[in-house]
Amino acid sequence: MGFARACSVALVGVEGVVVEVQADLEPGVAAFTLVGLPDKSLVESRDRVRAAVVNSGAEWPQKKLTVGLSPASVPKSGSGFDLAVACAVLGAAERIDPAAIADVVMIGELGLDGRVRPVRGVLPAVLAAAEAGYRQVVVPEQTAGEAALVPGVSVLGVRSLRQLIAVLGDEPVPEEPPAGLGRPDAMLAGLMVPGAGLGTGLAPLSADGTAQRLDLADVAGQGRARKALEVAAAGGHHLLLSGPPGAGKTMLAERITAILPPLSRQESLEVTAVHSVAGILPPGEPLISSAPYCAPHHSATMQSLVGGGNGLPRPGAVSLAHRGILFLDEAPEFSGRALDALRQPLESGHVVVARAAGVVRLPARFLMVLAANPCPCGRHTLAGAGCECPPSAVRRYQARLSGPLLDRVDLRVEVEPVARADLMGGGRGESSAEVAARVREARKRAAERLAGTPWTTNSEVPGHELRTRLVAAPGALMAAERDMERGILTARGLDRVLRVAWTVADLRAADRPDASDIATALELRTGIPRGVPMQAGAR
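From a predicted model like this one, the values you see are computed outputs, not experimental measurements.

Peer 1: For this particular structure, what's the right way to read the overall build of the protein?
Peer 2: Within the protein one finds 22 helices and 16 strands. Seen along its three principal axes, the alpha-carbon backbone of the protein occupies a region of about 85 × 50 × 40 Å. In the protein, buried positions account for 50% of the 539 residues. Once local pairs closer than 6 in sequence are excluded, the contacts in the protein between residues at least 24 apart make up 72%.

Next comes the structure, spelled out in structure tokens:
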């Protein structure tokens with residue numbers, strides 16, 4: 001009787017569970033049995049592994065073969081277990097030393113000719129292996145750079161099963177011919193999900209499908225909206241842009257990624273792990289260092305926003321926008337169920353999707369930007385524009401954004417039509433680089449103030465901390481307290497006003513917010529003029 005074991009990783013959402021792949025050979029009629037709660041694609045690995053082993057020059061054992069995936073209670077899916085199954089079988093047949101593979105995590109799909117094909121989710125799988133204490137990982141050659149992002153792990157990228165057998169047996173490593181030149185690498189097809197949209201969640205795309213380099217200087221006028229954009233980026237506050245068509249709401253939203261600071265190392269790993277599982281990680285660029293941008297169409301379903309799909313749920317738009325921007329253009333046109341499903345992720349920073357196949361927790365800490373017209377025709381706020389929408393239609397249209405959802409939006413700005421002098425004058429406003437410098441300084445001040453706490457931006461600080469430890473200047477809250485007594489502000493709204501006030505104070509390099517900062521925050525939230533100037537970076 002021969003026995004050997006190798007290790008692989010089963011992904012549940014973006015979290016991984018190390019799976020022990022055990023192979024047992026017994027005398028009897030030749031058969032191959034795979035147990036351990038595999039799905040259809042994993043059951044088919046029996047034929048893939050057998051063909052790959054034979055075509056790699058190794059002998060397939062003519063005995064009763066049982067392969068078990070432990071723990072058996074965890075659902076397992078995908079083709080990433082092929083490499084571990086093949087090595088466990090070869091170890092049981094004593095073609096390779098079983099001790100050499102006992103503590104090695106192997107991830108990869110096998111072609112019938114023995115080539116090792118890349119799979120999605122390599123980064124979260126290697127992260128799970130490292131957390132479990134494993135220090136040696138074997139992955140396909142194309143995803144070796146992605147696996148190497150995890151510190152403290154030795155990564156071996158292989159092109160074929162023949163090469164891996166030679167490495168494990170201390171034999172000369174055979175040369176494998178490279179992929180055909182002059183055409184796309186077919187081996188990378190396993191990394192992309194058909195229909196996911198190339199580049200989805202990374203940056204705004206131009207007409208030819210390439211990422212744009214957008215600058216705030218292209219926006220004419222709109223001083224109040226630009227100020228709100230800067231505050232949103234500096235503190236991570238959610239933003240609603242309301243105004244008539246053609247005022248520049250989409251232009252402003254697409255340029256907010258240009259003023260956000262680069263992601264930290266930990267944030268980059270989180271974003272890259274989500275995009276790797278979703279199958280939209282750009283080949284050749286394993287680490288995402290800039291804030292992602294996701295702008296789903298208004299026909300998107302609730303499942304496409306929060307996550308879903310057959311079997312275990314897959315990441316939705318809120319997870320693809322993790323640590324970045326979720327832009328909902330024409331927000332009132334989204335279904336009410338889809339919009340209201342965003343309430344919990346906006347508060348908690350993650351989404352828990354429960355399906356019959358299991359419960360998955362996905363990260364979803366994003367900055368939400370909403371763009372909305374004032375009425376169905378869009379001319380309700382324009383003087384002399386001839387809006388023909390009856391008052392009841394205007395009320396119904398504006399009520400599509402529910403009160404509980406709007407209560408979670410810190411900044412609500414009315415985007416006015418662009419004046420002729422601003423549009424034709426030729427003068428350009430501040431560039432994205434200038435605004436981004438102030439945003440970085442404001443975030444740096446917030447990070448220093450919040451050092452030693454679980455929070456890094458003002459939008460994450462709980463209200464209790466803002467009312468007890470991080471207090472405003474004496475008498476600064478009088479206007480906010482009056483609004484709360486009048487019913488204009490809720491308790492959550494008061495907390496969010498305090499968060500915005502701290503961001504405004506950080507932008508002007510103040511130690512703590514005063515009455516002017518509170519007034520600015522109240523005006524940005526309620527839209528009621530408070531008599532404070534709205535110049536960027538100043539009082």
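There is more to say, and it comes next.
Peer 1: Any chance you could explain the state of the cysteines here in plain terms?
Peer 2: Across all of its chains, the model carries zero disulfides by this definition. With no disulfide of its own, C375 lies closest to C377 among cysteine sulfurs, the gap being 3.4 Å. Classification of C375 as buried rests on a relative accessible area of 0%. Given the relative accessible area of 26%, C377 is considered partly exposed.

Peer 1: Help me out: how do you make sense of the packing of aromatic side chains in this one?
Peer 2: Aromatic ring pairs: the centre-centre distance and the angle between the two ring planes describe each pair. This structure, assessed with the given rule, holds two aromatic pairs. Both rings, one in F32 and one in W60, keep their centres 5.6 Å apart while their planes meet at 45°; by these two values the pair is tilted. Of this pair, F32 sits in strand β3 (residues 31-35) while W60 sits in the loop between α2 (45-55) and β4 (64-70), and the two are 28 residues apart along the sequence. Across this residue pair, the class does not change: F32 and W60 are buried. Each ring, one from Y293 and one from F327, has its centre 6.5 Å from the other, and the planes form 35°; the classification is tilted.

Peer 1: In this structure, what is going on with the pattern of salt bridges? I would like to understand it.
Peer 2: Opposite charge on two side chains allows them to pair when their charged atoms are near. This structure, assessed with the given rule, holds 27 salt bridges. As a salt-bridge pair, D511 and R445 come within 3.8 Å of each other at their nearest N and O atoms. Pair noted here: D511 is in the loop between α21 (491-507) and α22 (515-526) and R445 is in helix α18 (residues 432-449), with a separation of 66 residues, a long-range link. Using a relative accessible area of 69% as the deciding quantity, one classes D511 as exposed. The class for R445 is partly exposed, based on a relative accessible area of 28%. R467 serves as the salt-bridge partner of D495, at 2.4 Å between the closest nitrogen and oxygen. Taken together, the positions of D495 in helix α21 and R467 in helix α19 (residues 463-468) put the pair 28 residues apart, joining distant regions of the chain. Judged by its relative accessible area of 12%, D495 falls in the buried class.

Peer 1: Would you take a moment to explain the environment of L423 for this structure?
Peer 2: Among the secondary structure elements, L423 is positioned in helix α17 (residues 420-424). Of the residues examined, L423 reaches a relative accessible area of 55% and is grouped as exposed. Sequence separation between L423 and A253 is 170 residues, and the spatial gap between their C-alpha atoms is 19 Å. When near neighbours in sequence (up to four residues on either side) are disregarded, L423 contacts A220 and V418.

What counts and how
- Residues numbered from 1 in each chain as written.
- Predicted model: local features only at pLDDT ≥ 70, side-chain atom pairs only at ≥ 80, totals over all residues.
- Heavy atoms only, no water.
- Helix = DSSP H or I, 4+ residues; strand = E, 2+ residues; numbered from the N terminus.
- Buried < 20%, exposed > 50% of the residue type's maximum accessible area, 1.4 Å probe, protein only.
- Contact = heavy atoms within 4.5 Å.
- Disulfide = S-S within 2.5 Å.
- Phe/Tyr/Trp six-rings, centres within 6.5 Å; stacked < 30°, edge-to-face > 60°.
- Salt bridge = Lys/Arg side-chain N within 4 Å of Asp/Glu carboxyl O.

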